[in-house]
Amino acid sequence: MKYLLLIIHVLLFGIVNAQNDNVGIGTVTPDASAILDVSSTDKGVLVPRLNTIQRMGVANPSDGLLVFDTDYGCFFFYQNASSSWLSLCNQA
């Protein structure tokens, strides 16, 4: 019985400690101000790649949604205030 209680305690303690406010990939100490901290010295982040028709077909895009449009070869983000996709290319 003592061992069963010990196992339950360890499992519950592990579950509680796994509920962090942020996640680190490639780091064991994610920055406290980031929900996701990705660290690498030889790789990048790959965001969803859509053609223009697919991008325009996204249902109810969230404010700030970021995609790479393969037809334009450019990043676009959605802005709720203007209800439109804005290009990050050729921005002054």
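Structure: above.
Before going into details, it helps to say that this report is about the structure given with it. (Residues numbered from 1 in each chain as written. Predicted model: local features only at pLDDT ≥ 70, side-chain atom pairs only at ≥ 80, totals over all residues. Heavy atoms only, no water.)

## Digging into the nonpolar core
Note the threshold: Note on terminology: a nonpolar core comprises buried Ala, Val, Leu, Ile, Met, Phe, Trp, Tyr and Cys residues joined through side-chain atoms within 4.5 Å. Relative accessibility under 20% of the residue-type maximum defines a buried residue, over 50% an exposed one, and the middle range a partly exposed one, all with a 1.4 Å probe and only protein chains included. Strands here mean DSSP runs of E at least two residues long; helices mean DSSP runs of H or I at least four residues long; both are numbered from the N terminus. By definition in these notes, contact holds between two residues if any of their heavy atoms fall within 4.5 Å.
Membership of the largest hydrophobic core is limited to six residues, which are Leu50, Val67, Cys74, Phe76, Tyr78 and Trp85. Considering each element in turn, this core owes the most residues, three residues, to strand S5 (residues 74–79). When sequence neighbours within four positions are dropped, the list of residues in contact with Trp85 reads Arg55, Met56, Val58, Pro61, Leu65, Val67, Phe76, Phe77 and Tyr78.

## Side note on the sheet that holds strand S6 (residues 84–87)
How we decide: Any two strands between which DSSP finds at least two bridges are classified as paired.
Pairing is mixed in the open sheet, where four strands are placed in the order S3-S4-S5-S6. In this open sheet, the two strands that pair with only one neighbour each are strand S3 (49–50) and S6. Where S3 meets strand S4 (residues 66–69), two bridges bridge the pair, whose relative direction is parallel. Bridge pairing in S4 links Leu50 to Asp69.

## What about the pattern of salt bridges?
Oppositely charged side chains are able to pair whenever their charged atoms sit close together. Note the following rule: Any carboxyl oxygen of Asp or Glu that lies within 4 Å of a side-chain nitrogen of Lys or Arg is treated as forming a salt bridge with it.
Taken as a whole and judged by the stated rule, the model has two salt bridges. One salt bridge connects Lys43 with Asp42, and the closest N-O pair in it is separated by 3.9 Å. For the pair Lys43 and Asp42, one class covers both residues: exposed. A salt bridge links Asp69 to Arg55, with the nearest nitrogen and oxygen atoms 2.8 Å apart. Of this pair, Asp69 sits in strand S4 while Arg55 sits in helix H2 (residues 52–56), and the two are 14 residues apart along the sequence.

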